[in-house]
Each structure stands twice: as C-alpha cells, then as structure tokens.
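# Architecture and fold: a report
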Amino acid sequence: MRKALYIIGVILLLTACQEQVSNPSVVAELPKIYPDYVGVTIPAGIAPLNFNFAGGDIDRMDVVVRGEKGGQLHVQGDVADFDIDEWHRLTEQNRGAKLLFTVCVKRDGAWRQYADFSMTVSPYALDEWGLTYRRIAPGYEVYSKMGLYQRDLSTFNEYPIIENTQVPGMCINCHSSAQTDPSHFVFHIRGSHGATLFQIDGQRELLKAKNELLGGSMVYPYWHPSKQYCAFSTNQTRQGFHVAHDERIEVFDLSSDVFVYHPATHEIITDSLLQTKDWSENSPVFSPDGRWLYYMTCLQREYPADFKKEQYNLCRIAFDAQTGRFGDKVDTLFNAVKMGKSLTWPRPSYDGRYLLFTLQDYGYFSVWHNESDQWLLDLQTGDARPLTEANSNRADSYHNWNVNSHWVVFTSRRGDGLYTRLYLMSIDEQGRASKPFLLPQRNPWDYYDGSIYSFNTPDFTKTKVDFNACEAGKEISSDKRVETHMRH
C-alpha cells in the first residue's frame, strides 16, 4: 500500500512540474534538434534518443511521442530526456512501425508547435549488448588520457576496458573480438612495454610488440570464425603534416605485409604471396565462412614524396583452416586504382552477403580524409556502390557489422569536422542504408560539446567484455612476453 501511494505521489509531483501547452502558435517547419534524429531508423531496446532544441534559446521544451502501434511518452524540460524503461517498452511495442514526435517550445512566455517528425523502429533486432571503441584526444604525438571503452547500448552506461593510466605513457589500440564475441579478445599496445595482448576464455598472453621474425608489429587484428586463428598485418608506419589549412596529417607505410597467427601453437603463418617486395599488403579480414582472407594491397612507392600515389585495391586469397595454409593465387575483387581511388577498411557482413569498405583519393588512414565515403560491395554479384544515403561531406570511415548483419557502427566527422563521433545505421535486405544516427547520450549537447575526445575503431560486442585492467596493467608493465615462431 505504501509503495503504491509513493508511486502515485511521484506521478503527481512530475505532473505538477509540467506546464500545460496552451494555445501554441503553429510553425510550418520541422524543429531544429540536436542530434538530428529526424527520420532515422533505430533498433528496439536501444537507449533513448534524447535531444536538445537547437533553434535558439528557449524557456522550456515539451515533447510527446506516439507509437503507430500504440503507447505514448510525454517529457518536458530543457532537454527531451525520456525514461529508459518507458522508452524500451514503447520501441518494443512498435517494432516495424513509426514513432511520431510532437515538439513544442516556450519562448518569451509563448508556446510554439512545430511540424511533427517520425522515427522508424526497425524490425531487425540489434542482437548485441553494446559497443567497444577507443577514445583519444585528436592529437599527433602525445597520447594524453586514452583507452578502450565499452558502452551498454540499452542505457547510457560506459565502462573502461583499459586506460593508459594502467600503462602510463603507452598507446592502446587495434582491438578486436571474434565476430562480436569478447571471449576471444585482442589489442595492441605501443610504447616502452609494448605488446600484443590476447585474452582467450579469460586467460591472457602477451606477445612481443615488435616481432623480429616479421620485422614489425602485429596490428589490425581480425579473428577467424573458428576462433583458432587471428589475421594481422605488420606495418612500418610513418606520419607527416600538411601545410594546407584544410588538411592536417598524413599516415603512410614504408612497408606492410599480411600473415595469420595461431594462438594455440604460437605460430606465425606466412606466405610469399602475402609478403611481396614491391607491394604493401594490409588490413586482413576473414570471410564469415573462414575460406577466404580479404586484404588490401598497394604498389609500393617512394614515401613521403609519393604519398598521393599510395592507392589500395581489394584482394583475396583462399585459406584452409584445417591445414592452416593459403591458396596458390590472389584475386582482385575491387579495383579502386582504376578509378583513381584508394580502398581501405574492408569489413564483410557476417551473413556473407556484403562487404563494406571506405573509398578515398589516396592512402588508407581514412579518418583524416574528408573525401572518404563508405561503399557497399555485393559479394554475390560483384557490384559496388557508394552509400550515398548514409555518407556525408566529411570523413566517414571505420565501420563494423553487428552479428546479424543488419546494423553498422562507424565513425564520422560530419558534426563539426574536428572530432570523430560514433553513428549507427541499418542495412536492409536490398543493401539500402538508413539515415545514420549519433550514438545517444543522456544530454547530447552537454556530452558532445564538453568532450575533448574522438571515438575510433568501434565494434559491436554481444556481451560485456570481462577484463581485469589492474592485473593486465601489471603484466603489460613487466618484461614477460610469449615467444612466437614462424611456419612457412
């Protein structure tokens, strides 16, 4: 009885705090909101898409959300801040249907009502617990505070996986899990105690950061679907700075090769077709059935003088998981060089239907290229097209698929041109992308305007990553490393 009275009291209190929208003048235009969530497609159960009014100073905002299949939400205040549980119920009730938003704002004592807008709740489930990503200040030489983080997509809760406060002076990057399963997790550490860290079913191993057998580091990892192998490239990476005001930094490789690592035996598996003298092989990824290794390759140039001639194509080579051996020929799947372009960041969908990549003028470090756009390659037909419905006039780059191959997370600088943020979009059965939406935050304006960090290398994770950062930090700071050996 007391609990019921308490709930009734809270409802009455909240109702009393809300003003009645009376005699609003009608404005025949959509409200200016931040983030721009007008017309987006979202998964049921995601955190509320809270928003701020971006059309000038106001005294108050009133928002009513009605579900096409029923249900309603009503909030009022400085920000449209929806209750998480109520939002989840509304989106679940309206799978495959629309949510209609009515926004009124009070300014100078008078209410204005804007034209309604809608969001679509996708019939495709998200099927993931959350995201993993790196947050880092957008500098060049000094790492500042940075780390790997994970975010519960059903709430606004973010958790550190590991920060460089556990490993002072070092850079943490290049993380990957096995088809969004973090039971097999790997990331790279650069610095005085650098390493490549594997965590498999809770057991950690640290490999030497720079492998003498390879002549470089083990970076850009990607797991085989069997979880028995992990593909890497080894890169001699350099960076340079532009003098043009609209270009900042260029990243290129003096050389790079592709190989596969077998954690159970600590073997590095190489092949002459993947370690050529005149070509730079880079960024390997396995096909979802494990039979192919996709990677990008570029004719080696004189750097830094010829950095604008660094252009990559998409290739593949067969891989036999039973024997751990490669095929005897390389196929070119997409010739970007013929277009005068460069391909980077290939990522196949887990259903084997599509491959998403980034196309830019040259190079492969797409986060610094405003012209970089996302393209979709149909692996059944060989046709490729730009995702014009999802691209922007700023850098659209690092992307990954969710496990059911209907959701993509990627980074973009479409907001202010300076910081990379995380966006999500849906891909339907015909390969059409929905309008991307910015990763939701409790108060988006306060969060993003106050943040000095860029997001990069995002991926989905089906469960929360179980990682003991304190113990791992001690292991990283030690000199204990696992020896590897070469198998040709």
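Residues numbered from 1 in each chain as written. Predicted model: local features only at pLDDT ≥ 70, side-chain atom pairs only at ≥ 80, totals over all residues. Heavy atoms only, no water.

This brings us to the sheet that holds strand β14 (residues 171-178). Hydrogen bonds between backbone atoms are what pair the strands of a sheet, whose relative direction is either parallel or antiparallel. Across the sheet, which stays open at both edges, the four strands sit in the order β14-β15-β16-β17 with antiparallel pairing between neighbours. Whereas interior strands pair on both sides, the edge strands pair on one side only; in this sheet they are β14 and β17 (203-208). The sheet shows a mean angle of 20 degrees between the axes of neighbouring strands, direction not considered. In this sheet, strand β15 (residues 181-190) lies alongside β14 in antiparallel orientation, the contact comprising six bridges. Looking at the pairing, S176 lines up with V186 of β15. (Pairing = 2+ DSSP bridges. Helix = DSSP H or I, 4+ residues; strand = E, 2+ residues; numbered from the N terminus. Axes fitted to C-alpha atoms, helices over the stretch in contact; angles between N-to-C directions.)

Bringing the nonpolar core into the picture now. Ranked by internal contacts, the top residues of the largest apolar core, which has 90 residues, are F51, V63, F82, W87 and F101. For this core, the element with the most residues is strand β25 (residues 292-299), which contributes six residues. When residues no more than four places from it in sequence are discounted, the contact partners of F82 are P48, L49, N50, F51, V63, V65, L73, V75, W87, F101 and R442. The next biggest cluster of nonpolar side chains, apart from the first, holds 20 residues, and it includes F187, I189, A195 and A469. (Core = buried A, V, L, I, M, F, W, Y, C linked by side-chain atoms within 4.5 Å. Buried < 20%, exposed > 50% of the residue type's maximum accessible area, 1.4 Å probe, protein only. Contact = heavy atoms within 4.5 Å.)

Attention now goes to the pairing of β17. Relative to β17, strand β16 (residues 195-200) runs antiparallel, the two sharing six bridges. Residue A195 lies in a different strand from β17, and its bridge partner there is K208.

So, about the pattern of salt bridges. By the definition in use, this model includes 17 salt bridges. For K208, the salt bridge is made with E483, and the minimal N-O distance between the two is 3.2 Å. Here the residue K208 occupies a position in strand β17, and E483 occupies one in the loop between α4 (469-477) and β37 (485-487), the gap between them amounting to 275 residues. R291 is the salt-bridge partner of D289, the closest N and O atoms lying 3.6 Å from each other. Since its relative accessible area comes to 48%, R291 is described here as partly exposed. (Salt bridge = Lys/Arg side-chain N within 4 Å of Asp/Glu carboxyl O.)

What follows is about the environment of A28. Tracing the backbone shows A28 in the loop between β1 (25-27) and β2 (33-34). In this structure, the C-alpha to C-alpha distance between A28 and Y114, residues 86 residues apart in sequence, is 6.4 Å.

What follows is about the sheet that holds strand β11 (residues 130-136). Here we have four strands laid out as an open sheet, ordered β13-β12-β11-β36, and antiparallel in their pairing. Single-partner strands in this sheet number two, and they are β13 (158-163) and β36 (454-461). Strand-to-strand, the axes of this sheet are offset by a mean angle of 25 degrees, without reference to chain direction. In this sheet, β13 lies alongside strand β12 (residues 147-152) in antiparallel orientation, the contact comprising five bridges. From the neighbouring strand, Y149 faces β13, where its bridge partner is P160.

Inspection of the secondary structure puts T420 in the loop between β33 (407-412) and β34 (421-426). A polar contact is formed between the side chain of T420 and the backbone oxygen of F455, at a distance of 2.6 Å. For T420, the contacting residues outside a window of four places in its chain are V367, T411, S412, R413, S454 and F455. (Polar contact = N/O pair within 3.5 Å; in protein donor to acceptor, adjacent residues only side chain to side chain.)

What follows covers helix α2 (residues 84-93). Buried residues of α2: I84, W87, H88, L90 and T91, and no others. For α2, the angular spread of buried residues about the axis comes to 165 degrees, placing them on one side. The elements touched by buried residues of α2 are β3 (41-42), β5 (60-67), β6 (72-77), β8 (98-107) and β10 (117-121). For α2, the N-terminal capping position is held by D83, with its side-chain oxygen 3.1 Å away from the main-chain nitrogen of D85. (Arc of directions from axis to C-beta.)

This part covers the packing of aromatic side chains. Taken as a whole and assessed by the stated rule, the structure comprises 25 aromatic pairs. Arranged with centres 6.1 Å apart and planes meeting at 65 degrees, the rings of F51 and F117 form a pair that is edge-to-face. Highlighted residues: F51 in strand β4 (residues 51-53) and F117 in strand β10, separated in sequence by 66 residues. Across the pair, exposure class does not vary: F51 and F117 are buried alike. What links up through ring pairs into an aromatic cluster is the set F51, F82, W87, F101 and F117. The ring of Y423 carries the charged tip of R414 above its face, separated from the ring centre by 5.1 Å. (Phe/Tyr/Trp six-rings, centres within 6.5 Å; stacked < 30°, edge-to-face > 60°. Lys NZ or Arg CZ within 6 Å of the ring centre and 35° of its normal.)

These figures capture arrangement, not role.
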